[in-house]
Amino acid sequence: MSSPPIARPEYVREQVQEHDFDVVNKPLTAWERVRDNTLVRRLFILAVLAGIWQAYAAYLDNALVLPTFVETMRSFVARVWSGELLLKSWVSLKVLMQGYALGLALALVFTILAMSSRLGNDLLETLTAMLNPLPAIALLPLALIWLGLGNPSIVFVLVHAVMWPIALNTHSGFMGVSGTMRMVGRNYGLTGVRYVGMILIPAAFPSILAGLKIGWAFAWRTLIAAELVFGTTSGSGGLGWFIYENKNLLDIPAVFSGLFAVIIIGLAVENLVFRIIEQRTILKWGMHS
Amino acid sequence: MQAAEQPPALLRVDGVTLQYKTREHLVTATYRVSFEVLPSDRFVLLGPSGCGKSTLLKAVGGYLNPVEGRITLKGATVTRPGPDRVMVFQEFDQLLPWKTVKQNVMFALESSGRLKGPEAADRAMAYIEKVKLTRFADSYPHMLSGGMKQRVAIARGMAMEPDILLMDEPFAALDALTRRKMQDELLQLWEGTRFTVLFVTHSIPEAIRIGNRILLLSPHPGQVKAELNSDGTDPEDPATSERLSERIHRMLFAEHDAIEEPPVHV
């Protein structure tokens, strides 16, 4: 059955010199480059979706239920042009930033507490376990009673929406920093704030950034929902109020324009702010897993 | 032997018992281990896994305190980590991924307060050149191969010019060819500056190549079995290192000899 393998001759080869290769690198064709461009591919998807929308709306022919894409865009452009949408977006963003900043600061305080003692750790874990699953909007009635009808209530709800996911992610990021890295930091004499700032925060940055993103999304949807519920404060409402108002006026293209504005701001923050932070940190450092 | 003009010990480990807690047990890692490291020694801690050699190194690093005995460096008791004893780890993530090669070396010098600004940069580049990575000074660690990462870690440790360099199986995660090359490079570096190094390994050939003095530890808990001289690297005479290798083998595997032949290590 199994005969011993046949003896084969040995060989040693000279290496081919680099300049003797035909193709070492050759530029890609224009079409290949276009297809490799993420932006182009995504715009293509958006165009297809818009086309489907337009076709279905035209077939339905009922502007009260679903205005066509073209009609919506016309309304959107007109309202951006008149400044109405920009103003509403600005009102929303301003409140949002207040809540986000405050929530982020509180999250930091809680994580530092959790890192510095076992009791702090238990406190953070218990609080996040209790409060993170609680929808922020569910606190709105209480906020209204405590803080009255106005911005402070919305900010309160936003802080709740932002703080727990960020604290949870930052904390788990800190906990996940490898033992080797911690020992390296201590080896070179880092302690206290310098240790947190120079080792823990950068080492945990992927989780922290994920927390910031989740916090942002939670804040944004909580804000729109809160505005939908009790709309205007101090005269000029935000985007949520804009949507609600136009629904009451049965101006459906305007309702869609409002939703559009929400989507566009979300996309812009994701692709400009977070994307750039990501490229300059995690991706550059090779820390994405 | 030639104990006549022995210089005072740089590092003295005196009757050290180390224990650490896991979730369920209190584990005794080493029991009353004593040894002395002289200046410019290439001192190797050798033993099978479970002999507490890494724990012992961490204790010298100051990451855990002995429950019994004393560790002194230049006469001062070691109580906490410090830049006079620099650790080089086995793991590749000892380099900070958010810093370039040069920044990693500079970070060590600056955060320990050794040097600042341009002086730190100069010193960093000098040591990066020593490990032949000048071309990669501005690369991030994730762009480097495993061997290159370890060279950066060694450069970082040496740039600190510590009293003693602590190496915890620094080449164990490398492939055999790279590992061999790194051992030679380490010896070349040592020829250049004659730094003191305490080196942990579980590989007998590596211990013989790297060390001039080898401390043999037996496991569960770690106890000193022997302290041997090694000149395996100096004269390129394979016979001496083979004899030493066999001797170490016999000591480490003495209790199993009756049952099974020790595996042949390459």
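What you are looking at is a predicted structure, and each value in this text was computed from that prediction instead of being measured.

Participant: Would you mind going over the overall build of chain B with me for this structure?
Facilitator: Secondary structure assignment for chain B yields seven helices and ten strands. Computed over C-alpha atoms, the radius of gyration of chain B comes to 19 Å, within 12% of the 18 Å expected from 2.2 N^0.38 for 266 residues, which places it in the range of a compact globule. Taken along its principal axes, the extent of the C-alpha atoms in chain B is 60 × 45 × 40 Å. Across the 266 residues of chain B, 40% fall into the buried class. Here the contacts in chain B between residues at least 6 apart in sequence split such that 68% fall between residues at least 24 apart.

Participant: Help me out: how do you make sense of the packing of helix α3 (residues 69-81) of chain A against helix α12 (residues 252-285) of chain A in this one?
Facilitator: In helix packing, the relevant descriptors are the interaxial angle and the interaxial distance, both defined with respect to the helix axes. Residues and elements named next belong to chain A. It is at 8 Å that the axes of α3 and α12 come closest, and there the two elements cross at 70 degrees. Considering their axes alone, α3 and α12 lie roughly perpendicular with respect to each other. For the pair α3 and α12, contact is made by E71, T72, S75, F76 and R79 and by P253, A254, F256, S257 and F260, respectively. In the contact of α3 with α12, the residues fall into five nonpolar, three polar and two charged.

Participant: I tried to follow the environment of E206 of chain B on my own but got confused; where do I start?
Facilitator: All names here are of chain B. Here E206 is to be found in helix α6 (residues 204-210). C-alpha of E206 to C-alpha of M167: the two residues are 39 residues apart in sequence and 13 Å apart in space. Ignoring any residue separated from it by four or fewer positions in sequence, one finds E206 in contact with Q183 and T201.

Participant: Would you mind going over the pairing of strand β2 (residues 26-37) of chain B with me for this structure?
Facilitator: Look at any regular strand and the pattern is simple: side chains alternate between the two faces of the sheet. Residues and elements named next belong to chain B. Direction of pairing for strand β1 (residues 11-21) relative to β2: antiparallel, over a ladder of eight bridges. In the strand pairing of β2, L11 is matched with V37. What sits between the antiparallel neighbours β1 and β2 is a turn of four residues.

Participant: Sorry, what's going on with the domain arrangement of chain A here?
Facilitator: As a measure of interface size, the accessible area lost when the parts come together is often cited. Here the domain parsing of chain A yields domain 1 (17-61) and domain 2 (68-280). When each unit is reduced to the centre of its C-alpha atoms, the spacing between domain 1 of chain A and domain 2 of chain A is 33 Å.

Participant: Mind showing me how you'd approach the interface of chain B and chain A here?
Facilitator: Counting residues at the interface gives 19 residues for chain B and 17 residues for chain A. Taken together, the elements giving at least two residues each to the side of chain B that touches chain A come down to β6 (85-88) and α2 (101-111) of chain B. When its residues are assigned to classes, the side of chain B that touches chain A shows ten nonpolar, seven polar and two charged.

Participant: Looking at this structure, how should I read the sheet that holds strand β10 (residues 223-229) of chain B?
Facilitator: In a beta sheet, neighbouring strands are held together by backbone hydrogen bonds and run either parallel or antiparallel to one another. All names here are of chain B. Within the open sheet, the six strands sit side by side as β6-β7-β8-β3-β9-β10. Their pairing is mixed. Here the strands that pair on one side only, and so sit at the sheet edges, are β6 and β10. Across the sheet, the mean angle separating the axes of adjacent strands is 20 degrees when strand polarity is ignored. Pairing analysis gives five bridges linking strand β3 (residues 42-46) to strand β8 (residues 197-201), with the strands arranged parallel. For L46, the partnering residue across the bridge sits in β8 and is T201.

Participant: Help me out: how do you make sense of helix α4 (residues 146-159) of chain B in this one?
Facilitator: Working note: α-helix, 3.6 residues per turn, so residues spaced by three or four point in the same direction. Residues and elements named next belong to chain B. End to end, α4 covers 20 Å across 14 residues, agreeing with the expected 20 Å (1.5 Å per residue, within 8%). Taken together, the buried positions of α4 are M148, K149, Q150, R151, V152, A153, I154, A155, R156, G157, M158 and A159. Looking at the buried residues of α4, the elements they touch are β6, α2, α3 (117-130), β7 (164-168) and α5 (176-193). Positive phi appears at E161, one or two residues downstream of α4, with a value of about 45 degrees.

Participant: Would you mind showing me how to read the pairing of β3 of chain B here?
Facilitator: β3 of chain B sits mainly inside the fold: five of its five residues count as buried. Neither face of β3 of chain B is left uncovered, since the one carrying R42, V44 and L46 of chain B and the one carrying F43 and L45 of chain B both have all their residues buried.

Participant: Hey, could you run me through α3 of chain A in this one?
Facilitator: Residues and elements named next belong to chain A. In this model, α3 (13 residues) spans 18 Å end to end at C-alpha, consistent with the 18 Å of a helix rising 1.5 Å per residue. Three or more residues of α3 are buried, namely T72, S75, F76 and R79. Angular distribution of buried residues about the axis of α3 spans 100 degrees; they occupy a single face of the element. Residues of α3 that are exposed and angled more than 90 degrees away from the buried face: V77 and W81. Where the residues of α3 are buried, they touch α4 (84-116) and α12.

Participant: Would you mind going over the packing of α4 of chain A against helix α10 (residues 205-230) of chain A with me for this structure?
Facilitator: Residue and element names in this part refer to chain A. Viewed as axis vectors pointing N to C, α4 and α10 meet at an angle of 135 degrees, and their least axial separation amounts to 10 Å. By the angle class used here, α4 and α10 are oblique. The crossing of α4 and α10 is right-handed. Of α10, the residues touching α4 (which contributes S92, V95, L96, G99, Y100 and G103) are G215, W216, A219, W220 and L223.

Participant: What am I meant to see in the environment of G222 of chain B here?
Facilitator: Residues and elements named next belong to chain B. Tracing the backbone shows G222 in the loop between β9 (213-218) and β10. Among the residues examined, G222 registers 27 C-beta atoms within 10 Å and is labelled buried. For the pair G222 and Y31, spaced 191 residues apart in the sequence, the C-alpha separation amounts to 5.9 Å. Residue contacts for G222: discarding those within four places in its chain leaves A29, T30, Y31, V33, G47, C51, G52, K53, L56 and L217.

Participant: Teacher, can you tell me more about the sheet that holds β1 of chain B here?
Facilitator: Residue and element names in this part refer to chain B. The sheet built from four strands is open, its strands ordered β2-β1-β4-β5 with antiparallel pairing. Two strands in the sheet have a free side with no partner beyond their single neighbour: β2 and β5 (76-77). Bridge count for strand β4 (residues 68-73) against β5 is two bridges, and the pairing is antiparallel. For L73, the partnering residue across the bridge sits in β5 and is A76. Contacts from helix α1 (residues 53-61) reach β1, β2 and β4 within the one sheet, and its direction differs from that of β1 by about 115 degrees.

Scoring rules and cut-offs
- Residues numbered from 1 in each chain as written.
- Chains lettered and ligands numbered in written order.
- Predicted model: local features only at pLDDT ≥ 70, side-chain atom pairs only at ≥ 80, totals over all residues.
- Helix = DSSP H or I, 4+ residues; strand = E, 2+ residues; numbered from the N terminus.
- Rg over C-alpha atoms; globule rule 2.2 N^0.38 Å.
- Buried ≥ 20, exposed ≤ 12 C-beta atoms within 10 Å, placed from the backbone.
- Contact = placed C-beta atoms within 7 Å.
- Axes fitted to C-alpha atoms, helices over the stretch in contact; angles between N-to-C directions.
- Parallel < 35°, antiparallel > 145°, perpendicular 65-115°, else oblique.
- Nonpolar A, V, L, I, M, F, W, Y, C, P; charged D, E, K, R; others polar.
- Pairing = 2+ DSSP bridges.
- Domains from an automatic or database assignment.
- Expected span 1.5 Å × (residues − 1).
- Arc of directions from axis to C-beta.
- Left-handed = near helix turned anticlockwise from the far one by under 90°.

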